[in-house]
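Architecture at a glance
Chain residues, written in single-letter form:
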Amino acid sequence: MGASRPQGAAARDRLENPAMLRVVSLEALDRLPVAAEEVEIGLAVEDPLAPWNEGKFTLRVEYGRLGVLHHGHDLLPIGPWMPPEQGH
């Protein structure tokens, strides 16, 4: 058996994984300062656990700030994670 890890270490590992993120309110991110190049992305969000997050959003980074527009255009569908089918 390997060495046991403290409970907090496992939780910290999950939070540091850059591929996993849970946003409680997309609209609350509006005007958030970000260090990123200017970019725009459209999302179609399906979130049964947070229905206020559902719908089409446009996220735009401009002048060092994130802009969030609900009812924007969708280019990338985002929804509940589903495991890949076996054998594909």
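An account of the accompanying structure is given in this report. As the structure is a computational prediction, the values presented were derived from the model and not from experiment. (Residues numbered from 1 in each chain as written. Predicted model: local features only at pLDDT ≥ 70, side-chain atom pairs only at ≥ 80, totals over all residues. Heavy atoms only, no water.)

**Regarding the overall build of the protein chain**
Per the secondary structure count, the protein chain includes 1 helix and 5 strands. With 88 residues in all, the protein chain has 19% of them scored as buried. Partitioning the contacts of the protein chain with sequence separation of at least 6, the portion at a separation of at least 24 is 52%. (Helix = DSSP H or I, 4+ residues; strand = E, 2+ residues; numbered from the N terminus. Buried < 20%, exposed > 50% of the residue type's maximum accessible area, 1.4 Å probe, protein only. Contact = heavy atoms within 4.5 Å.)

**Section: the nonpolar core**
Formed by L26, L43, V45, F57, L59, V61, L66 and V68, the largest nonpolar core amounts to 8 residues. Elements represented by at least two residues in this core include exactly β2 (39-45), β3 (55-62) and β4 (65-70). (Core = buried A, V, L, I, M, F, W, Y, C linked by side-chain atoms within 4.5 Å.)

**Concerning the pairing of β4**
On β4, burial follows the alternation: L66, V68 and H70 on one face are buried, whereas R65, G67 and L69 on the facing-out side are not. In the sheet, strand β1 (residues 32-33) pairs with β4 via 2 bridges, with the strands oriented antiparallel. Looking at β4, one finds that P33 is bridged to R65. Of the strand pairs in this sheet, β3 and β4 are connected by 6 bridges, and their pairing is antiparallel. Bridging from a neighbouring strand, E62 pairs with R65 of β4. Linkage of β3 to β4, two consecutive antiparallel strands, is achieved through a turn of 2 residues, within which Y63 is found at a positive phi near 55°. (Pairing = 2+ DSSP bridges.)

**Details of the side chain of D47**
Looking at where D47 falls in the secondary structure, it is placed in the loop between β2 and β3. Here D47 falls in the buried class, since its relative accessible area comes to 9%. Contact partners of D47, with chain neighbours within four places excluded, come to R22, N53 and E54.

**Thoughts on the environment of L69**
Tracing the backbone shows L69 in strand β4. Exposure remark for L69: the relative accessible area of 48% places this residue in the partly exposed category. A sequence separation of 27 residues divides L69 from G42, and the C-alpha atoms of the two residues are 9.4 Å apart.

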